[in-house]
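Single-letter residue listing:
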Amino acid sequence: LNISRVPVREALRLLESQGIVVNEPYKGIRLMPLTKSRVAQVLEVRLALELIAVRRIVEQQKHRDADSVKRLERCIDEMRLMAIRKDSYGLALADVAFHRALCNMSGNEFLQTLWEGVARQLTIVIGLSTLDKPMRDIVDEHRALLAAILTGSLAKIQTVLGEHIRDQNSDVDLNKIISERGKIAGTAK
């Protein structure tokens, strides 16, 4: 690739600081293992942050702001397009963009910074979950979430957001997906 070792090493250090890879002595650098427990912990933190965001959105009446709502709608449109194309990675990026926009609407910069740390790991988890969960269901969940946000009912938003985040990977067998993808990659050599 005509890349020296220094920028590769720096990139791997950055990925390690973000929790994407782990440096194991005498084994090298590997992707962080995706266990059910780890995914549950990431989703627990994500839910807490996004609940704070939606509380602020409702308190500040930002759910009535046309530009903010249009940003969320564009993210859903992008998810729908990616679902039609069967582009798991594109859908994962659009999904993360929706939730990023939600956090940005809160106006809390510290919350946004914390959420970005979680989002790096979410893209991988969401991308893998789209390989096992119907993409259309993911798009529909975001439509339901936007509808709840538009009501301004904090209780309704919290319920829909909680179900969306908790249920996102409840039926997804990440280990099976990783194993199957590994076999496919192994046969492609």
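What you are looking at is a predicted structure, and each value in this text was computed from that prediction instead of being measured.

### Topic: the overall build of the protein chain
Helix and strand counts for the protein chain stand at 8 helices and 2 strands. Secondary structure elements of the protein chain, listed N to C terminal, follow the sequence α-β-β-α-α-α-α-α-α-α. The buried share of the protein chain, taken over its 189 residues, is 40%. Considering only contacts in the protein chain between residues 6 or more positions apart, those separated by 24 or more positions represent 71%.

### Quick word on the pairing of strand β2 (residues 28–31)
Where strand β1 (residues 21–24) and β2 come together, 4 bridges link them in antiparallel fashion. In the strand pairing of β2, Val22 is matched with Arg30. The turn linking β1 back onto β2 is made up of 3 residues, and Tyr26 within it adopts a positive phi angle of 65 degrees.

### Some thoughts on a nonpolar patch on the surface
Taken together, the side chains of Leu1, Ile3 and Val8 present a nonpolar region at the surface, about 360 Å² in accessible area. Looking at the secondary structure, you find Val8 in helix α1 (residues 5–17). Residue Val8 is classed as partly exposed on the basis of its relative accessible area, which comes to 39%.

### Remarks on the nonpolar core
In this structure, Leu72, Met79, Leu91, Phe98, Trp115, Leu122 and Leu161 are the most contacted members of the largest nonpolar core, which totals 42 residues. Counting residues per element, the ones that place at least two in this core are α2 (36–59), α3 (66–85), α4 (88–105), α5 (109–129), α6 (135–151) and α7 (154–167). For this core, the element with the most residues is α2, which contributes 10 residues.

### Thoughts on the side chain of Ser106
Inspection of the secondary structure assignment puts Ser106 in the loop between α4 and α5. A distance of 2.6 Å separates the side chain of Ser106 from the backbone oxygen of Cys103, its partner in a polar contact. Discounting chain neighbours no more than four positions away, the residues touching Ser106 are Ala53, Arg56, Ile57, Gln60, Lys62, Leu111 and Gln112.

### Some thoughts on the packing of α2 against α4
Between α2 and α4, the shortest axis-to-axis distance is 7 Å and the interhelical angle comes to 50 degrees. Between α2 and α4, the interaxial angle falls into the category oblique. Considering the relative orientation of α2 and α4, their crossing is left-handed. Residues Arg46, Glu50, Ala53, Val54 and Ile57 of α2 form the contact with α4, whose participating residues are Asp95, His99, Leu102, Cys103 and Met105.

### Some words on the confidence of the model for the protein chain
For the protein chain, the average pLDDT comes to 84, and 84% of its residues sit at 70 or higher. Throughout residues 184–189 the model reports pLDDT below 50, and contacts reaching past four residues in sequence, or to other chains, amount to 0 contacts.

### Overview of the pattern of salt bridges
Going through the model one piece at a time under the given rule, you end up with 5 salt bridges. Between Arg100 and Glu116 there is a salt bridge, and its shortest N-O distance comes to 2.6 Å. Taken together, the residues Arg100 in helix α4 and Glu116 in helix α5 connect sequence positions 16 residues apart. Given the relative accessible area of 23%, Glu116 is considered partly exposed. Notably, a salt bridge pairs Glu141 with Lys133, separated by 2.6 Å at the nearest N-O pair.

### Regarding the side chain of His63
Relative to the elements of secondary structure, His63 occurs in the loop between α2 and α3. Classification of His63 by relative accessible area gives buried; the value is 3%. For His63, the contacting residues outside a window of four places in its chain are Ile57, Val58, Val69, Met105, Ile149, Leu150 and Gly152.

Parameters at a glance
Residues numbered from 1 in each chain as written. Predicted model: local features only at pLDDT ≥ 70, side-chain atom pairs only at ≥ 80, totals over all residues. Heavy atoms only, no water. Helix = DSSP H or I, 4+ residues; strand = E, 2+ residues; numbered from the N terminus. Buried < 20%, exposed > 50% of the residue type's maximum accessible area, 1.4 Å probe, protein only. Contact = heavy atoms within 4.5 Å. Pairing = 2+ DSSP bridges. Patch = residues over 30% accessible without salt bridge, like charges linked within 9 Å, V, L, I, M, F, W, Y side chains within 5 Å. Areas by Shrake-Rupley, 256 points an atom, 1.4 Å probe, with all protein chains shown as cover. Salt bridge = Lys/Arg side-chain N within 4 Å of Asp/Glu carboxyl O. Core = buried A, V, L, I, M, F, W, Y, C linked by side-chain atoms within 4.5 Å. Polar contact = N/O pair within 3.5 Å; in protein donor to acceptor, adjacent residues only side chain to side chain. Axes fitted to C-alpha atoms, helices over the stretch in contact; angles between N-to-C directions. Parallel < 35°, antiparallel > 145°, perpendicular 65-115°, else oblique. Left-handed = near helix turned anticlockwise from the far one by under 90°. pLDDT = per-residue confidence, 0-100.

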